[in-house]
Amino acid sequence: MKAIVATNRAAEAAGIALTERPEPTPAINDVVVEVHASGFVPAEWEWPSTWVDRSGHDRVQPIIGHEFAGVVSALGYGTTGLSPGQRVFGITDWHRDGTLAEYAAVEARNLAPLPGNVDFTVGASLPISGLTAWQGLFQHGRLQAGQSVLVHGSAGAVGSVVTQLAREFGAYVIGTGRAADRQAALDFGANEFLDLDHENLDDIGGVDLVFDVIGGDIQRRSASIIRPGGTLVSVVGPAEARPVDGLTVDFVVESVPTQLAEIVDRVRDGRLRTHIGTVATLDDAVPALNPTDRRKGKTVIRVRP
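Bear in mind that the values here come from a model prediction, so they are computed numbers and not experimental data. Numbers given for residues are sequential positions, taken from 1 along each chain in its written order. Local features in this predicted model are restricted to residues whose pLDDT is 70 or higher, and side-chain atom pairs enter the listing and the counts only when it is 80 or higher, whereas totals over whole chains, interfaces and linings include all residues. As a convention, hydrogens and water are excluded, and side-chain values are obtained from all of the structure's heavy atoms.

### Quick look at the overall build of the protein chain
Reasoning step 1: Numbering of helices and strands runs from the N terminus, with a helix taken as a DSSP run of H or I at least four residues long and a strand as a DSSP run of E at least two residues long. A count of helical and extended segments in the protein chain gives eight helices and 15 strands.
Reasoning step 2: Throughout, radius of gyration means the C-alpha value; the globule benchmark is 2.2 Å times the number of residues raised to the power 0.38. Here the C-alpha atoms of the protein chain give a radius of gyration of 19 Å, agreeing with the 19 Å that 2.2 N^0.38 yields for 305 residues.
Reasoning step 3: Overall, the C-alpha framework of the protein chain stretches about 55 × 40 × 35 Å when taken along its three principal axes.
Reasoning step 4: Here, two residues are considered to be in contact whenever any of their heavy atoms come within 4.5 Å of each other. Across the protein chain, contacts joining residues at least 24 apart in sequence account for 63% of those joining residues at least 6 apart.
Reasoning step 5: Method for areas: the Shrake-Rupley scheme with a 1.4 Å probe, in which residue coverage is limited to the protein chains shown. Split by element, the accessible area of the protein chain, about 13,100 Å² in all, is 48% carbon and sulfur.
Reasoning step 6: The protein chain carries 26 positive and 37 negative side-chain charges, and their two centres are separated by 2 Å. Think of it this way: Lys and Arg go in the positive column, Asp and Glu in the negative one, and His and the chain ends go nowhere. Think of each charge as sitting on NZ of Lys, CZ of Arg, CG of Asp or CD of Glu.

Structure follows, in structure tokens:
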């Protein structure tokens, strides 16, 4: 089968290649999925699991990508709850070969049914962005109606979902980004927008929750404007700053089928839109994953027409 593999850790996206790999076989409680579309997160190069297995041994030319939508083609021994021919979407285990391939082996517990009226491209754009937003806001941020939320990167793949979910649940959302992102952030539902290049975070006043996808100095400055009892949620590793009289949480997203169902239901009825930027075929995936211009939204690779 065709697959995109990482060949050079130092080269990151410049060190990927389209190659031929054997089709996977399902282990106990696995399914093999015929992949129709796969999303990609650029931060994958920074994840230790991309380069080493759970025992700490180097992974040789791992297949990259970890979110996808497709059709179940085979069941492993003991697998229940899914059937061949079923449309599914979800996240693969971080330490296993991924989804930028014609087939992927996935633990059945990581998958949710993909409704027939949701396109595979849209389905593949949902799992990591949608679950990161859901878990960051509700599990870790404990968002309550009436609170204020500062969403960094509010026009991006994750931030746009955070913005929409926070607004749906009754929060006041302040989006951030570059000046060119202003209209997109407002279109996704931000109540107001702050241009990080030209406007001062301190002018916001106080917020109850910061959802950070940037880190560094932006994160440190954001921590200082969180109200007592508020929370800084980071998806870029352990936070370097802690709010006074508040909480700091960093987390790794997990595949939770019940949450995937909540998210895809919102896509079906129009409450939620994903921000898909680039769509390319598997044959054209290498340049699409190594762009010369700034990425806008989620990159999705269509594995099958």
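### Regarding the pairing of strand β8 (residues 148-151)
Reasoning step 1: Note on exposure labels: buried denotes an accessible area under 20% of the residue type's maximum, exposed denotes more than 50%, and partly exposed covers the range between, all computed with a 1.4 Å probe on protein chains only. Along β8, one buried face is formed by Ser148 and Leu150 and the opposite face, lined by Val149 and Val151, is buried too.
Reasoning step 2: Direction of pairing for β8 relative to strand β9 (residues 172-177): parallel, over a ladder of four bridges. Its bridge partner being in β9, Leu150 is matched across the sheet by Ile174.
Reasoning step 3: Here a strand pair is declared whenever DSSP counts at least two bridges between the two strands. Bridging between β8 and strand β11 (residues 207-212) involves three bridges; their strand directions are parallel. Each residue of the ladder has a partner; that of Val151, found in β11, is Phe211.

### So, the packing of aromatic side chains
Reasoning step 1: Whether two aromatic rings pair depends on their centres lying within 6.5 Å, for rings of Phe, Tyr and Trp, where Trp uses its six-membered ring; planes under 30 degrees apart make the pair stacked, over 60 edge-to-face, and the rest tilted. For the structure on display, the rule yields six aromatic pairs.
Reasoning step 2: Where Trp47 meets Trp94, the ring centres are 5.2 Å apart and the plane angle is 70°; that geometry is what we call edge-to-face. Of this pair, Trp47 sits in the loop between β3 (30-40) and α1 (48-51) while Trp94 is found in the loop between β5 (87-91) and β6 (103-107), placing the two residues 47 residues apart along the sequence.
Reasoning step 3: Feature note: the residues Phe40, Trp45 and Trp51 constitute an aromatic cluster, connected by ring pairs.
Reasoning step 4: Positioned above the aromatic ring of Phe120 is the side chain of Arg87, whose terminal nitrogen or guanidinium carbon lies 4.3 Å from the ring centre.
Reasoning step 5: In this structure, Arg304 is placed above the aromatic ring of Tyr103, and the distance from its NZ or CZ to the ring centre is 4.9 Å. For a lysine, the NZ atom is tested; for an arginine, the CZ atom; a charge sits over a ring if that atom is within 6 Å of the ring centre and within 35 degrees of the ring normal.

### Re the packing of helix α3 (residues 127-140) against helix α4 (residues 157-168)
The relative placement of two packed helices is expressed as an angle between their axes plus a distance between the axes.
Reasoning step 1: In this description, a line fitted to the C-alpha atoms serves as the axis of each element, helices being fitted only across the stretch in contact, and the angle between N-to-C directions of two axes falls anywhere from 0 to 180 degrees. Where α3 contacts α4, the axes come no closer than 8 Å and their chain directions differ by 50°. In terms of their interaxial angle, α3 and α4 are classed as oblique. The hand of the α3/α4 crossing is right-handed. Side by side, α3 and α4 meet where Ser129, Gly130, Thr132, Ala133, Trp134, Leu137 and Phe138 of the first sit next to Ala157, Val158, Val161, Val162, Leu165 and Ala166 of the second.
Reasoning step 2: Its residues assigned to classes, the contact of α3 with α4 comprises ten nonpolar, three polar and no charged. Roughly parallel covers angles under 35 degrees, roughly antiparallel covers those over 145, roughly perpendicular covers 65 to 115, and oblique covers all other angles. In this scheme the handedness of a crossing depends on how the near helix is turned from the far one: anticlockwise by less than a right angle means left-handed, clockwise means right-handed. Under the convention adopted here, Pro, Cys and the residues Ala, Val, Leu, Ile, Met, Phe, Trp and Tyr are nonpolar, Asp, Glu, Lys and Arg are charged, and Gly plus all remaining residues are polar.

### Structural notes on the pattern of salt bridges
Reasoning step 1: Salt bridges are defined by distance alone: a side-chain nitrogen of Lys or Arg within 4 Å of a carboxyl oxygen of Asp or Glu. What the rule picks out here adds up to 18 salt bridges.
Reasoning step 2: For Asp93, the salt bridge goes to Arg54, with nearest N and O atoms at 2.5 Å. Residue Asp93 is located in the loop between β5 and β6, and its partner Arg54 is located in the loop between α1 and β4 (67-75); the two are separated by 39 residues in the primary sequence.
Reasoning step 3: Of the charged contacts in the structure, one is a salt bridge between Glu67 and Lys298, with a shortest N-O distance of 2.5 Å.

### Here's the deal with the side chain of Asp212
Reasoning step 1: In this structure, Asp212 sits in strand β11.
Reasoning step 2: Buried charged residue Asp212 carries no salt bridge. Nearest counter-charge: Arg220, at 9.4 Å.
Reasoning step 3: Pairs of N or O atoms within 3.5 Å make up the polar contacts considered here, provided that, within protein, one atom can donate a hydrogen while the other can accept it, and that residues adjacent in sequence are counted only when both atoms are side-chain atoms. Reaching out from Asp212, the side chain makes a polar contact with the backbone nitrogen of Ile214 at a distance of 3.0 Å.
Reasoning step 4: Contacts of Asp212, omitting those with residues within four sequence positions, involve His152, Gln219, Leu232, Val233, Ser234, Val235 and Val236.

### With respect to the side chain of Gln259
Reasoning step 1: As for its position among the elements, Gln259 is in helix α7 (residues 257-268).
Reasoning step 2: Given the relative accessible area of 10%, Gln259 is considered buried.
Reasoning step 3: One polar contact links Gln259 to Gln139, side chain to side chain, over a distance of 2.6 Å.
Reasoning step 4: Residues in contact with Gln259, not counting those within four places in the same chain, are Leu131, Trp134, Gln135 and Gln139.

### Some thoughts on the UniProt feature "domain: Enoyl reductase (ER)" (unreviewed entry) in the protein chain
Reasoning step 1: As annotated in UniProt, the feature "domain: Enoyl reductase (ER)" (unreviewed entry) corresponds to residues 11-301 in the numbering used here.
Reasoning step 2: Taken as a whole, residues 11-301 contains 23% helix and 28% strand, while its terminal C-alpha atoms sit 21 Å from one another. UniProt positions are given in the numbering used here, feature names are shortened, and annotations may be inferred rather than shown by experiment.

### Description of the sheet that holds β8
Reasoning step 1: Spatially, β10-β9-β8-β11-β12-β13 is the arrangement adopted by the six strands of the open sheet, whose pairing is parallel. Every other strand in the sheet has two partners, leaving β10 (192-195) and β13 (247-250) as the edge strands with one partner each. Strand-to-strand, the axes of this sheet are offset by a mean angle of 20°, without reference to chain direction.
Reasoning step 2: Seen against the sheet, helix α6 (residues 216-223) touches β8, β11 and β12 (226-234) and runs at an angle of roughly 160° to β12.

### Some points on unusual backbone geometry
Reasoning step 1: In the Ramachandran plot, Asn29 falls in the positive-phi region, its phi being about 70° despite a non-glycine side chain.
Reasoning step 2: Relative to the assigned elements, Asn29 resides in the loop between β2 (16-20) and β3.
Reasoning step 3: Taking relative accessible area as the criterion, Asn29 reaches 40% and is therefore assigned partly exposed.
Reasoning step 4: The backbone of Gln61 shows a phi angle near 45°, a positive value even though the residue is not glycine.
Reasoning step 5: Note on placement: Gln61 falls in the loop between α1 and β4.
Reasoning step 6: Its relative accessible area of 37% is what places Gln61 among the partly exposed residues.

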